[in-house]
Amino acid sequence: MPFISKDWRSPGEEWVKTQEGWEKKKSLECTAQRYAAITNYNNTDDSQQTSWTSEGEESEKNTNDSVNRIPPHCHITIKCTREIAGFNGLSEAVRRLDFSSAVRDVRRFNYICALLELLVGGQRLTHLPGAAQKLLLSMLEQLADQVATSKQNLNALRALVMSVSTARESERRSCWGRPLGSRALWGHHDHAIARINRIANSIRIQEPGPEVVPKLHDLPEECIREILLRISDHRDLDAASSAWTTMSALCSEQRIWRELVSFHFTQQQADTALAKQKDDDSQDKEVDFKKLFHQLRKMYGLREDTQYAETLSLCRHCKCLFWRSLGHPCIADQCPEYRERLKEAGGPLPPHPVPPAAFLKFFSL
């Protein structure tokens, strides 16, 4: 016999109708976006009627009032015990951390691109739940809109679009000429991928008009050199060297690559590679810092904390993921007793940075 009345065992989740379907309201409480929801939702059973309140209506009521929004954060389960048996959902974490708005932030753009590249590459997209796949493509579409508006990071968008298209083509041939899974879901994916391709193909970078002066070609070599010294990615230097002859000559200078070596690697790592390079050459030659950089990159890899202006951080007290520039509601700030115990223990611990690869390890993908 069905149980119709209110069940005290229910978790009491409140759901909101969004453009992408029904979502838990607690997953949307930290996001900056406004979702259009259905105010009254009538169940098929006449004895039940559920009233749904949208965040959009609440925001309209409080437009004249200064409302302190909760910073984007997400509590995660680091270790499951008998008392705490948690499960971390990727789609819920992405919504609570407000990745869609982070795409429009220049400090967090590269972090989101690296995360999308890890999820899209290696056929990991098809292994995700359907809700996570739709959210991932929605983020990619918003990223494409941001690139089309700003006319920046076009190479990152093209690489992601190529990875998504490759994954779609390989999945199409996986099971008797059709993708494995829901046809309706893959139809939604096809429309989303087509929209992303149209946005990427419509981007045109035009040269500034004659009224914009000075241009990059008009700058002296000293200014161009200072610009190149502030580039931290060797791929950007290789691309800049093909722009014109002056840029190519500056990119071949040893000072550019020496600064890049000192930025990514420690002095001990550089000395180890230099000693190995001298043993291989068996002659005393001048140091080729470009060759040294690529040798160090193969030996140690590039530091992830230097590739992003801002990364996610893990609070060691409340086990919460958050953006360091935005902060989060922490137990160390809300509980006086906990603060006293922290003072006795020597003070609060600094948050731990979480690169994209470490972020995905919190979920069973």
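The structure this text deals with has already been given above.
These remarks concern the structure in this document. All figures in this text were calculated on a predicted structure; none of them were measured in a lab.

1. Observations concerning the packing of helix α6 (residues 130-150) against helix α7 (residues 154-172)
Two packed helices can be described by the angle between their axes and the distance between those axes.
Part 1: Two numbers describe how α6 lies on α7: the axes approach to 10 Å, and their chain directions differ by 150°. Our classification of the angle between α6 and α7 gives roughly antiparallel. α6 and α7 meet at a crossing whose hand is left-handed. Packed against α6, whose contacting residues are Leu137, Leu140, Leu143, Ala144 and Val147, the element α7 presents Leu154, Leu157, Leu160 and Val164 at the interface.
Part 2: Class assignment for the residues of the contact of α6 with α7 results in nine nonpolar, no polar and no charged.

2. A look at the pairing of strand β7 (residues 320-323)
Part 1: Every second residue of β7 is oriented toward a common face, with Cys320 and Phe322 on one face and Leu321 and Trp323 on the other, all of them buried.
Part 2: Bridge analysis of strand β5 (residues 73-75) against β7 gives three bridges, and the strand direction is antiparallel. In the sheet register, His73 faces β7, and the bridge partner there is Phe322.
Part 3: Pairing of strand β6 (residues 312-314) with β7, which is carried by three bridges, proceeds in the antiparallel orientation. Within β7, the residue paired with Leu312 across the bridge is Trp323.
Part 4: Count of turn residues in the β6/β7 antiparallel hairpin: five residues, of which Lys319 carries a positive phi of about 50°.

3. Some words on the nonpolar core
Part 1: Counting residues in each nonpolar core, the largest one holds 49 residues, and the members touching the most others are Phe99, Ile112, Leu143 and Phe359.
Part 2: Among residues more than four places away in sequence, those in contact with Ile112 are Phe99, Ala102, Val103, Met139 and Trp323.
Part 3: Of all hydrophobic cores here, the second largest spans 20 residues; its members include Trp244, Met247, Ile256 and Phe289.

4. Here's the deal with the packing of aromatic side chains
Part 1: Following the criterion strictly, the structure yields seven aromatic pairs and no others.
Part 2: Aromatic side chains Phe99 and Phe359 sit 5.8 Å apart centroid to centroid with 45° between the ring planes, which places their arrangement in the tilted category. Residue Phe99 is located in helix α4 (residues 99-102), and its partner Phe359 is located in helix α17 (residues 356-360); the two are separated by 260 residues in the primary sequence. Considered together, Phe99 and Phe359 belong to a single accessibility category, that of buried residues.
Part 3: Taking 5.6 Å as the distance between ring centres and 75° as the angle between the ring planes, the aromatic pair formed by Tyr111 and Tyr308 counts as edge-to-face. Here Tyr111, found in helix α5 (residues 109-120), pairs with Tyr308, found in the loop between α14 (289-300) and β6; they are 197 residues apart in sequence, far enough to count as distant.
Part 4: Exposure remark for Tyr111: the relative accessible area of 0% places this residue in the buried category.
Part 5: Using a relative accessible area of 12% as the deciding quantity, one classes Tyr308 as buried.
Part 6: A network of ring pairs unites the aromatic residues Phe99, Tyr111, Tyr308, Trp323, Phe359 and Phe363 as a single cluster.
Part 7: Over the aromatic face of Trp323 sits the side chain of Arg108, whose NZ or CZ is 5.0 Å from the ring centroid.

Quick notes on the rules
- Residues numbered from 1 in each chain as written.
- Predicted model: local features only at pLDDT ≥ 70, side-chain atom pairs only at ≥ 80, totals over all residues.
- Heavy atoms only, no water.
- Axes fitted to C-alpha atoms, helices over the stretch in contact; angles between N-to-C directions.
- Helix = DSSP H or I, 4+ residues; strand = E, 2+ residues; numbered from the N terminus.
- Parallel < 35°, antiparallel > 145°, perpendicular 65-115°, else oblique.
- Left-handed = near helix turned anticlockwise from the far one by under 90°.
- Contact = heavy atoms within 4.5 Å.
- Nonpolar A, V, L, I, M, F, W, Y, C, P; charged D, E, K, R; others polar.
- Buried < 20%, exposed > 50% of the residue type's maximum accessible area, 1.4 Å probe, protein only.
- Pairing = 2+ DSSP bridges.
- Core = buried A, V, L, I, M, F, W, Y, C linked by side-chain atoms within 4.5 Å.
- Phe/Tyr/Trp six-rings, centres within 6.5 Å; stacked < 30°, edge-to-face > 60°.
- Lys NZ or Arg CZ within 6 Å of the ring centre and 35° of its normal.

What is shown is where atoms sit, not what they do.
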